[in-house]
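Residue strings, one per chain:
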Amino acid sequence: MATDSGVAHDFDIVVAGAGPAGLATAIALANEGFATALVGEAGVPRDGRTVALLDGSVRFLKAIGVWERIAPDAAPMTQMRIVDATGSLFRPPPVTFHAREIGLDAFGHNIENTKLVAHLAEEARARAGLALFPARAAGFAADDTAAAVTLADGRRITARLAAGAEGRQSTLRRAAGIGTRTWAYPQTAVTAILSHARDHGGASTEFHTRAGPFTLVPLPGRLSSLVWVNRPQDAARLAALDDASFARAVENEAHSLLGAMQVAGPRGAVPLSGMSASPLTARRLVLIGEAAHVFPPIGAQGLNLGLRDGAALRDAVADARDRAEDIGAAQVLARFGRGRAADTQLRTGAIDLLNRTLLADMLPADLLRGAGLLALGLIAPLRRMVMREGLTPGLGTPRQMRRAPRGRAGEGGGDVVSPALDQHRNQA
Ligand SMILES: Cc1cc2nc3c(=O)[nH]c(=O)nc-3n(C[C@H](O)[C@H](O)[C@H](O)COP(=O)(O)OP(=O)(O)OC[C@H]3O[C@@H](n4cnc5c(N)ncnc54)[C@H](O)[C@@H]3O)c2cc1C
């Protein structure tokens, strides 16, 4: 076990990166009784970014015992509205999805990224069996028996398995020689937190525009977070506005749905890009969260997928232990990697396609998108199926994310994903 002065620290698992995915994964592993080390300093820039944690993620956070601390700062999303504002010839009426139609109180909960990370860090500090190393990981090596993470201050942590969760520039991924595919979109996401005169009523609203989705997601009280995907030149123009002019621009784009608006938190701008690592594992190493995959912020997928990585890792190592296998053995990582690759590829493809059909400005793409939305608006069983069908059948939802079958609690069922994503997948 860990000694603070010694060079080697021997753990079951070392997680590098104390962002939301790394923190939640480390807590889940420590809860399972694995001697876990977490390397990194918790903290994220205040850029007005929030994360909509979908139903499966909330179940996971409940299962690992952190939700009670997080919940007061998160707003439930009880409805999701999609409005086609592309100006296309074939424009369907707005579609509203209600969580109650599929027996849920909410599709998920929205929270500021900084608050989520602060709460998770607080919970991590309180966990027995979780040793925190607030330092940067500088190197990684592995052999047949152990993985070793070297810290920037020269200390070395050894474990049977390492998880790289240090975001898109992952040091462990590079050190292990895992390749990445990256791509960029001609778009920038403008983010902000705004207060408004009218209640949002728990509704998240997504306007599909030719420049990308313009989304307002509820926060506690009369507050909403904005993700306005725009052309880079328009994003730069918006960034240059003072708060009052910016709020007016948002209100106009939202057709005054929530009444008069005011900026009530930090503003930010994030150029849209994607990244996919392949493979997702190397010798005694797995990748988690944005170390493995980066999406444009469309359809609330990024961290939800990152938390699924963590929950799936917890299942994989718990199963390996039950079978008396080495938790870092190649066959254990192969099982984990297969499931995660399928989930990641599906999400990456669907988000990319949705974004590109919005940008396409072509009648066939408009017809397809419009017909899908129209069908969802008119056919309730189809709408319910699309809402319910979270993970594609066969992919396997991690155990701590499963929904209880009707009338029972604690097991079975599937996840719920963004209707926007599923609507699109339905068309594809
Ligand atoms: C505008 C916007 C809106 C979004 N909305 C949503 C949403 O609604 N729902 C959703 O699910 N997702 C959303 N996302 C995606 C989500 O924010 C990310 O998926 C998530 O924050 C990534 O978490 P992570 O822990 O994988 O990586 P990160 O947050 O990048 O954390 C990595 C951590 O590792 C640290 N680190 C880096 N290098 C090292 C090192 N060498 N050693 C130690 N530590 C290191 C970093 O400092 C950081 O603390 C959105 C993204 C954007 C841009």
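The notes below deal with the structure included here. Note that the structure is predicted; figures quoted are calculated from it, not measured.

Considerations on the overall build of the protein chain
Okay, so step 1: Scanning the protein chain from N- to C-terminus turns up 12 helices and 20 strands.
Okay, so step 2: Per-residue burial for the protein chain yields a buried fraction of 56% across its 428 residues.
Okay, so step 3: Partitioning the contacts of the protein chain with sequence separation of at least 6, the portion at a separation of at least 24 is 73%.
Okay, so step 4: Summing over all exposed atoms, the protein chain offers an accessible surface of approximately 16900 Å²; the carbon and sulfur share of this is 53%.

Considerations on the nonpolar core
Okay, so step 1: Counting 49 residues, the largest nonpolar core has Leu53, Leu61 and Leu313 as its most contacted members.
Okay, so step 2: Setting aside chain neighbours within four positions, we find Leu313 in contact with Thr25, Leu29, Leu161, Ala163, Val286, Ile288 and Phe336.

Observations regarding the side chain of Glu123
Okay, so step 1: Within the element layout of this structure, Glu123 appears in helix H4 (residues 113–125).
Okay, so step 2: With residues up to four places along the chain from it excluded, the contact list for Glu123 reads Ile27, Gly65, Val66 and Arg69.

Describing the sheet that holds strand S3 (residues 50–54)
Okay, so step 1: Ordered by their spatial adjacency, 3 strands build an open sheet running S3-S7-S4, and the pairing between neighbours is antiparallel. Edge positions in the open sheet fall to S3 and strand S4 (75–77), since each of these has one partner strand only. Averaged over all neighbouring strand pairs, the angle between strand axes comes to 30°, with direction disregarded.
Okay, so step 2: With 5 bridges joining them, S3 and strand S7 (residues 108–112) adopt antiparallel strand pairing.

Topic: the environment of Asp105
Okay, so step 1: Turning to its location among the elements, Asp105 is positioned in the loop between strand S6 (95–98) and S7.
Okay, so step 2: Sequence spacing of Asp105 and Thr78 is 27 residues, and the spatial spacing of their C-alpha atoms is 6.5 Å.
Okay, so step 3: Beyond its immediate sequence surroundings of up to four residues, Asp105 is in contact with Thr78 and Ala99.

A look at the pattern of salt bridges
Okay, so step 1: Tallied over the full model, the rule gives 23 salt bridges.
Okay, so step 2: Where Arg222 meets Asp199, a salt bridge forms, and the shortest distance between an N and an O atom there is 2.8 Å. Here Arg222, found in the loop between strand S14 (212–219) and strand S15 (223–230), pairs with Asp199, found in the loop between strand S12 (179–196) and strand S13 (203–209); they are 23 residues apart in sequence, far enough to count as distant.
Okay, so step 3: Assessed through its relative accessible area of 42%, Arg222 is described here as partly exposed.
Okay, so step 4: Note that Arg340 is salt-bridged to Asp309, the shortest N-O span being 2.8 Å. Remark: Asp309 occurs in helix H8 (residues 302–322) and Arg340 occurs in helix H9 (residues 330–360); sequence separation between them is 31 residues.
Okay, so step 5: When salt bridges with common partners are traced through the structure, they connect Glu32, Arg314, Asp315, Asp319, Arg321 and Arg399 into a single cluster.

A few points about the pairing of strand S17 (residues 268–278)
Okay, so step 1: In the sheet, S12 pairs with S17 via 10 bridges, with the strands oriented antiparallel. Residue pairing in the sheet places Gly179 in a bridge with Ser278 of S17.

Describing the site of the ligand
Okay, so step 1: Lining the immediate environment of the ligand, one finds 31 residues, of which Ala52, Ala137, Glu290, Leu303 and Asn304 sit closest.
Okay, so step 2: One of the backbone N or O atoms of Ala137 is found 2.8 Å from a nitrogen atom in the ligand.
Okay, so step 3: Contact with the protein chains covers 87% of the free accessible surface of the ligand, which is 1000 Å².
Okay, so step 4: When contributions to the shell around the ligand are tallied by element, the ones reaching two or more residues are helix H1 (20–31), S3 and H8.
Okay, so step 5: Among the residues making up the shell around the ligand, the classes are represented as 13 nonpolar, 13 polar and 5 charged.

As for the packing of H1 against H8
Okay, so step 1: At a minimum axis distance of 9 Å, the contact between H1 and H8 shows a crossing angle of 25°. For the element pair H1 / H8, the angle class is roughly parallel. The interaxial crossing formed by H1 with H8 has right-handed handedness. Residue-level contacts link Pro20, Ala21, Ala24, Thr25, Ala28 and Leu29 of H1 to Leu303, Gly306, Leu307, Gly310, Leu313, Arg314 and Val317 of H8.
Okay, so step 2: Along the lines of polarity and charge, the residues of the contact of H1 with H8 split into 9 nonpolar, 3 polar and 1 charged.

As for H8
Okay, so step 1: Taking 1.5 Å per residue as the helical rise, H8 with its 21 residues ought to reach 30 Å, and the 31 Å between its terminal C-alpha atoms agrees with that figure.
Okay, so step 2: Counting buried residues in H8 gives 17 out of 21 residues, a clear majority hidden from the surface.
Okay, so step 3: Once H8 finishes, Ala324 follows within two positions and takes phi at roughly 60°, a positive value.

About the cut-offs
- Residues numbered from 1 in each chain as written.
- Predicted model: local features only at pLDDT ≥ 70, side-chain atom pairs only at ≥ 80, totals over all residues.
- Heavy atoms only, no water.
- Helix = DSSP H or I, 4+ residues; strand = E, 2+ residues; numbered from the N terminus.
- Buried < 20%, exposed > 50% of the residue type's maximum accessible area, 1.4 Å probe, protein only.
- Contact = heavy atoms within 4.5 Å.
- Areas by Shrake-Rupley, 256 points an atom, 1.4 Å probe, with all protein chains shown as cover.
- Core = buried A, V, L, I, M, F, W, Y, C linked by side-chain atoms within 4.5 Å.
- Pairing = 2+ DSSP bridges.
- Axes fitted to C-alpha atoms, helices over the stretch in contact; angles between N-to-C directions.
- Salt bridge = Lys/Arg side-chain N within 4 Å of Asp/Glu carboxyl O.
- Near = heavy atom within 4 Å.
- Polar contact = N/O pair within 3.5 Å; in protein donor to acceptor, adjacent residues only side chain to side chain.
- Nonpolar A, V, L, I, M, F, W, Y, C, P; charged D, E, K, R; others polar.
- Parallel < 35°, antiparallel > 145°, perpendicular 65-115°, else oblique.
- Left-handed = near helix turned anticlockwise from the far one by under 90°.
- Expected span 1.5 Å × (residues − 1).

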